[in-house]
Amino acid sequence: TIMKKFLVICLAVLFFSCSKDRSCQECDTESGFVSATIIDSGPIETDGCGWVVKLGDEKFYHPDELAAEFRQNDLSVKICYESSKEEFRCGIAALTMPVLRIIAIKK
């Protein structure tokens, strides 16, 4: 039936939602979190890159989603994340930055 197919698809999505480089279980422990800084690089509409995440390695990443409560410039946070193969292009120079998926975030 359609309901069974839907359930199987949902379970498959949940099962494969963790990438190989970071496991979902890591977010259940403090060691799964890394220090990061949320930065407002300016509105995308005016050639900024929107909200970006700076990790300790001084690299900048574009979050796939960022909750409104964490949209504060220079906000220090701890995040548990997954890398993605996606790239985000922004700015007048069409800067490219990797996209990351924030699984968990805390101040």
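All values derive from a computational prediction rather than experimental measurement.

## Focus: the state of the cysteines
Step number 1: What the rule picks out here adds up to 2 disulfides.
Step number 2: One disulfide bridge connects Cys27 with Cys80, the sulfur atoms lying 2.0 Å from each other. Negative torsions about the S-S bond denote left-handed disulfides, and the value of about -90° found for Cys27 with Cys80 makes this one left-handed. Of this pair, Cys27 sits in the loop between helix H1 (2-15) and strand S1 (34-40) while Cys80 sits in strand S4 (residues 75-90), and the two are 53 residues apart along the sequence.
Step number 3: The exposure class of Cys27 is buried, given its relative accessible area of 14%.
Step number 4: A relative accessible area of 0% places Cys80 in the buried class.
Step number 5: Across a sulfur-sulfur distance of 1.9 Å, Cys49 and Cys90 are joined as a disulfide pair. Looking along the S-S bond of the Cys49-Cys90 disulfide, the torsion reads about 85°, which is the right-handed sense. In this pair, Cys49 sits in the loop between S1 and strand S2 (51-55) while Cys90 sits in strand S4, placing the two residues 41 residues apart along the sequence. This pair shows no difference in class: Cys49 is buried, exactly as Cys90 is.

## Comments concerning the packing of aromatic side chains
Each aromatic ring pair is characterised by the separation of its centres together with the angle its planes make.
Step number 1: What the rule picks out here adds up to 0 aromatic pairs.
Step number 2: Over the ring of Phe33 we find Lys106, and its NZ or CZ is 4.1 Å from the ring centre.

## Description of the pairing of S2
Step number 1: Here S1 pairs with S2 via 5 bridges, running antiparallel. Each bridged residue has a counterpart across the sheet, and for Ile39 the counterpart in S2 is Val52.
Step number 2: Bridge count for S2 against strand S3 (residues 60-63) is 2 bridges, and the pairing is antiparallel. Directly across from Lys54, in S3, lies its bridge partner Phe60.

## Structural notes on the pattern of salt bridges
Step number 1: Across all of its chains, the model carries 3 salt bridges by this definition.
Step number 2: A salt bridge links Lys54 to Glu58; its shortest N-O distance comes to 3.7 Å.
Step number 3: The residue Glu82 makes a salt bridge to Arg101 at a minimum N-O spacing of 2.5 Å. Pair noted here: Glu82 is in strand S4 and Arg101 is in strand S5 (residues 95-106), with a separation of 19 residues, a long-range link.
Step number 4: According to the relative accessible area criterion, Arg101 is partly exposed, its value standing at 32%.

Rules used throughout
- Residues numbered from 1 in each chain as written.
- Predicted model: local features only at pLDDT ≥ 70, side-chain atom pairs only at ≥ 80, totals over all residues.
- Heavy atoms only, no water.
- Disulfide = S-S within 2.5 Å.
- Helix = DSSP H or I, 4+ residues; strand = E, 2+ residues; numbered from the N terminus.
- Buried < 20%, exposed > 50% of the residue type's maximum accessible area, 1.4 Å probe, protein only.
- Phe/Tyr/Trp six-rings, centres within 6.5 Å; stacked < 30°, edge-to-face > 60°.
- Lys NZ or Arg CZ within 6 Å of the ring centre and 35° of its normal.
- Pairing = 2+ DSSP bridges.
- Salt bridge = Lys/Arg side-chain N within 4 Å of Asp/Glu carboxyl O.

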